[in-house]
Amino acid sequence: MSVRTRPSTRMWIPQDNPAVYKALVALQRASSAGVDAEIGELISMRVSQLNGCAYCLHMHAGDALAARIDPHKLLMLPAWREAGTVFDARERAVLGLAEQLTELGEGGVTDDVFDDVRAHFDAVETGQLVAAIAMINTWNRIAIAGGYPAGLDERRVSPAFG
């Protein structure tokens with residue numbers, strides 16, 4: 001499918017607003033630079049679960065499996081707190097941050113969660129993690145608003161992403 005062929009969606013941001021799409025792709029690249037690939041996929045999967053974004057879950061499940069991330073780890077994501085040693089301390093810190101940034105309430109991100117992240121990551125890495133979490137939340141909202149179906153992948157449809 002080329003970018004000229006509009007998928008069956010309510011909105012297709014690559015075609016409907018290519019300037020915004022290109023900016024989002026640039027921000028995606030910047031926000032994921034230096035983030036460990038497995039941690040990046042765990043962020044994308046967990047945030048997409050919380051937001052109920054089937055489009056992004058499908059895409060990132062495929063990416064995670066292609067990257068040879070243990071499928072059991074992916075299946076345990078919804079219960080990561082109770083998963084014992086399935087997730088290491090760094091991953092648990094990131095997942096806690098991802099959940100609090102995704103489900104922002106009046107309390108925002110607690111000092112305990114932020115301090116846990118900073119115990120494992122320096123200031124630059126922490127900023128990258130926050131940006132990566134913000135970015136998948138952005139993609140989730142675009143996909144949900146646009147009615148993107150699971151199985152569609154704009155990276156294979158839109159040349160700006162490659």
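Above this text you will find the structure in question.
Residues numbered from 1 in each chain as written. Predicted model: local features only at pLDDT ≥ 70, side-chain atom pairs only at ≥ 80, totals over all residues. Heavy atoms only, no water.

Draft legend 1. Local environment of the packing of aromatic side chains. Counted under the stated rule, the structure contains three aromatic pairs. With a centroid separation of 6.2 Å and 65 degrees between ring planes, the pair formed by Tyr 21 and Trp 139 is classed as edge-to-face. With Tyr 21 in helix 2 (residues 18-32) and Trp 139 in helix 8 (residues 123-146), the pair connects residues that are 118 residues apart, well separated along the chain. Residue classification places Tyr 21 among the buried positions, given a relative accessible area of 2%. (Phe/Tyr/Trp six-rings, centres within 6.5 Å; stacked < 30°, edge-to-face > 60°. Helix = DSSP H or I, 4+ residues; strand = E, 2+ residues; numbered from the N terminus. Buried < 20%, exposed > 50% of the residue type's maximum accessible area, 1.4 Å probe, protein only.)

Draft legend 2. Highlighting the packing of helix 3 (residues 37-51) against helix 8. Look at helix 3 against helix 8: their axes get within 9 Å of each other, and the N-to-C directions meet at 40 degrees. Between helix 3 and helix 8, the angle is such that the two are oblique. Two packed elements cross with a definite hand, and for helix 3 against helix 8 that hand is right-handed. Residue-level contacts link Ile 39, Ile 43, Ser 44, Val 47, Ser 48 and Asn 51 of helix 3 to Leu 129, Ala 132, Ile 133, Ile 136, Asn 137, Asn 140, Arg 141 and Ile 144 of helix 8. In terms of residue class, the contact of helix 3 with helix 8 is built from eight nonpolar, five polar and one charged. (Axes fitted to C-alpha atoms, helices over the stretch in contact; angles between N-to-C directions. Parallel < 35°, antiparallel > 145°, perpendicular 65-115°, else oblique. Left-handed = near helix turned anticlockwise from the far one by under 90°. Contact = heavy atoms within 4.5 Å. Nonpolar A, V, L, I, M, F, W, Y, C, P; charged D, E, K, R; others polar.)

Draft legend 3. Spatial organisation of the pattern of salt bridges. Counted under the stated rule, the structure contains four salt bridges. Close ionic contact of Glu 91 with Lys 73 constitutes a salt bridge, the shortest N to O distance being 2.8 Å. Placement of the pair is Glu 91 in helix 6 (residues 89-102) and Lys 73 in helix 5 (residues 71-76), with a sequence separation of 18 residues. Since its relative accessible area comes to 6%, Glu 91 is described here as buried. Between Glu 99 and Arg 81 there is a salt bridge, with the nearest N and O atoms lying 2.8 Å from each other. Remark: Arg 81 occurs in the loop between helix 5 and helix 6 and Glu 99 occurs in helix 6; sequence separation between them is 18 residues. (Salt bridge = Lys/Arg side-chain N within 4 Å of Asp/Glu carboxyl O.)

Draft legend 4. Representation of helix 4 (residues 54-66) in the model. With 13 residues, helix 4 extends 18 Å between its outermost C-alpha atoms, agreeing within 8% with the 18 Å of an ideal straight helix rising 1.5 Å per residue. For helix 4, the set of buried residues is Tyr 55, Cys 56, Met 59, His 60, Asp 63 and Ala 64. The buried residues of helix 4 occupy an angular sector of 150 degrees when projected down its axis, which confines them to one face. Just past helix 4, the residue Arg 68 takes up positive phi, approximately 65 degrees. (Expected span 1.5 Å × (residues − 1). Arc of directions from axis to C-beta.)

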